[in-house]
Amino acid sequence: RPTSTRGVSYGKVCELSEVRGLLKYFGFNVPLGHLDQAIAAHARGDWAAANSQIRSFLEGLLDDIALKKEPQRAAQLTSENRRALLAERSFLSKDRNEWAPDGKSYLNGLFRMLQTDGSHPGLSDDDHSTFRLHGLITARILLRSLRNGQ
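My aim in this report is to walk through the structure given alongside it, one point at a time. (Residues numbered from 1 in each chain as written. Predicted model: local features only at pLDDT ≥ 70, side-chain atom pairs only at ≥ 80, totals over all residues. Heavy atoms only, no water.)

Description of the overall build of the protein chain
On a plain count of helices and strands, the protein chain comes out with 8 helices and 0 strands. Reading the protein chain from its N terminus to its C terminus gives the helix and strand order α-α-α-α-α-α-α-α. Evaluated residue by residue, the protein chain yields a buried proportion of 43% over its 150 residues. A separation threshold of at least 6 residues defines the contact pool for the protein chain, and within that pool the share at least 24 residues apart is 56%. In the form shown here, the protein chain has an accessible surface area of approximately 7900 Å², with 50% of it arising from carbon and sulfur atoms. (Helix = DSSP H or I, 4+ residues; strand = E, 2+ residues; numbered from the N terminus. Buried < 20%, exposed > 50% of the residue type's maximum accessible area, 1.4 Å probe, protein only. Contact = heavy atoms within 4.5 Å. Areas by Shrake-Rupley, 256 points an atom, 1.4 Å probe, with all protein chains shown as cover.)

Pasting the structure below:
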């Protein structure tokens, strides 16, 4: 089974391909640029840069989804409030704990994890940076939901 550089599995490469295709399909060019920079930084061993870009990718993806679903309202909101809007519109499920206003949900936890040991408060290593690439799974699910009209 082929593998990409720096321990990213073949399965992750397939997920990356699907995510990139869906980003292009929806015209989400800014998150796509962040994702490409994250993968490039990871491949060259620039862990802190990869970490920073993967967080920017996920934040930009959720911003673009909110702007696609409700452009006028989302344009007035911060990233955090756009995520709340996606929950209000039932794109993010409160029942499945994808989003909660008290900050105790999957996405809140994911963003807290992506913030630690990023490009500013210390350095990361190969394993830590590769673990953060699991955000691709979340991105794929979000993009599939959008494609399926949720």
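Additional details are given in the paragraphs that follow.
Quick notes on unusual backbone geometry
Phi at S90 is positive, roughly 65°, even though this residue is not glycine. Position of S90 relative to the elements: it lies in the loop between α5 (79–88) and α6 (106–115). In this model, N97 sits at a positive phi of 65°, which is unusual for a non-glycine residue. For N97, the location among the structural elements is in the loop between α5 and α6. The exposure class of N97 is partly exposed, given its relative accessible area of 37%.

Re the nonpolar core
Counting 33 residues, the largest nonpolar core has L23, F57 and L61 as its most contacted members. Broken down by element, this core gets its largest block of residues, 7 residues, from helix α3 (residues 47–69). In contact with F57, not counting residues within four places along its chain, are V19, L23, P31, H34, L35, L136 and A139. (Core = buried A, V, L, I, M, F, W, Y, C linked by side-chain atoms within 4.5 Å.)

A word on the packing of α3 against α6
The description of two packed helices rests on the angle between their axes and on the distance between the axes. In the contact formed by α3 and α6, the axes pass within 9 Å of each other and the chain directions differ by 150°. When the interaxial angle is binned, α3 and α6 end up roughly antiparallel. The chirality of how α3 crosses α6 is left-handed. Counted together, I54, R55, L58, E59 and L62 of α3 and L107, L110, F111, L114 and Q115 of α6 form the full contact between these two elements. For the contact of α3 with α6, the class distribution of residues is 7 nonpolar, 1 polar and 2 charged. (Axes fitted to C-alpha atoms, helices over the stretch in contact; angles between N-to-C directions. Parallel < 35°, antiparallel > 145°, perpendicular 65-115°, else oblique. Left-handed = near helix turned anticlockwise from the far one by under 90°. Nonpolar A, V, L, I, M, F, W, Y, C, P; charged D, E, K, R; others polar.)

Here we look at the packing of aromatic side chains
Summed over all chains, the structure comprises 2 aromatic pairs. Pairing Y25 with F26 gives two aromatic rings, centres 4.9 Å apart and planes at 80°, and the pair type is edge-to-face. When the centroid spacing of 5.5 Å and the interplanar angle of 25° are considered together, the rings of F26 and F28 count as stacked. Assigned by exposure class, F26 and F28 land together as buried. Cation over ring: R83 sits above F111, and NZ or CZ is 4.0 Å from the ring centre. (Phe/Tyr/Trp six-rings, centres within 6.5 Å; stacked < 30°, edge-to-face > 60°. Lys NZ or Arg CZ within 6 Å of the ring centre and 35° of its normal.)

Side note on the pattern of salt bridges
All chains considered together, the criterion is met by 11 salt bridges. For R144, the salt bridge is made with E18, and the minimal N-O distance between the two is 2.7 Å. Taken together, the residues R144 in helix α8 (residues 135–147) and E18 in helix α1 (residues 10–26) connect sequence positions 126 residues apart. Here the salt bridges share partners, and the residues they tie into one network are E70, R73, E88 and R89. (Salt bridge = Lys/Arg side-chain N within 4 Å of Asp/Glu carboxyl O.)

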